[in-house]
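Structural overview for review
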Amino acid sequence: MFRGSLSKPERKAYTDAVLCLQKLPAKTPRSLVPGVRSRYDDFLATHINQTLNIHYTVSRRALVGIISRPIVTYEICRAPS
């Protein structure tokens, strides 16, 4: 994902997904990562803990898929119609 490559609706969906993840409780145990408070923190902690694996073993295309997941997560966070 490159800066400016998302349309306005995609940027809005991405921002909404991040805000939603920040509101959901963390699933990572605090005994493992003391600072986690939200699902967004889970995402960050996983990325930090897996940095060497992520940045040295996956293709750029796979990494873009990882970065894009909050857009998919937005679908989980939306209230039913």
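In what follows, the structure referred to is the one given above.
Criteria and cut-off values
- Residues numbered from 1 in each chain as written.
- Predicted model: local features only at pLDDT ≥ 70, side-chain atom pairs only at ≥ 80, totals over all residues.
- Heavy atoms only, no water.
- Helix = DSSP H or I, 4+ residues; strand = E, 2+ residues; numbered from the N terminus.
- Contact = heavy atoms within 4.5 Å.
- Areas by Shrake-Rupley, 256 points an atom, 1.4 Å probe, with all protein chains shown as cover.
- Buried < 20%, exposed > 50% of the residue type's maximum accessible area, 1.4 Å probe, protein only.
- Polar contact = N/O pair within 3.5 Å; in protein donor to acceptor, adjacent residues only side chain to side chain.
- Expected span 1.5 Å × (residues − 1).
- Salt bridge = Lys/Arg side-chain N within 4 Å of Asp/Glu carboxyl O.

Along the protein chain, the regular secondary structure elements total four helices and zero strands. Helices and strands in the protein chain line up, N terminus first, as α-α-α-α. At a minimum sequence separation of 6, the contacts of the protein chain that also span at least 24 residues come to 33%. When the accessible surface of the protein chain is split by element, carbon and sulfur atoms take 59% of a total near 6300 Å².

Moving on to the side chain of Thr28. For Thr28, the location among the structural elements is in the loop between helix H1 (8-23) and helix H2 (39-49). Residue class for Thr28 comes out buried when judged on its relative accessible area of 18%. A distance of 2.7 Å separates the side chain of Thr28 from the side chain of Asp42, its partner in a polar contact.

Taking 1.5 Å per residue as the helical rise, H1 with its 16 residues ought to reach 22 Å, and the 23 Å between its terminal C-alpha atoms agrees with that figure. For H1, the full list of buried residues reads Ala13, Asp16, Ala17, Val18, Cys20 and Leu21.

Now for the pattern of salt bridges. Once their charged atoms are close, side chains differing in charge can pair, the charge on each being opposite to the other. Going through the model one piece at a time under the given rule, you end up with two salt bridges. Here Lys12 ties to Asp16 by a salt bridge, and the two come within 2.9 Å at their closest N and O atoms. You can see Lys12 and its partner Asp16 sitting in helix H1, four residues apart, about one turn around the helix. The buried category is assigned to Asp16, whose relative accessible area is 18%. Salt-bridge contacts for Asp42 lead to Arg39; the nearest nitrogen and oxygen are separated by 3.7 Å. Of this pair, Asp42 and Arg39 both sit in helix H2, three residues apart, which is roughly one turn of that helix. The exposure class of Asp42 is buried, given its relative accessible area of 8%.

These figures capture arrangement, not role.
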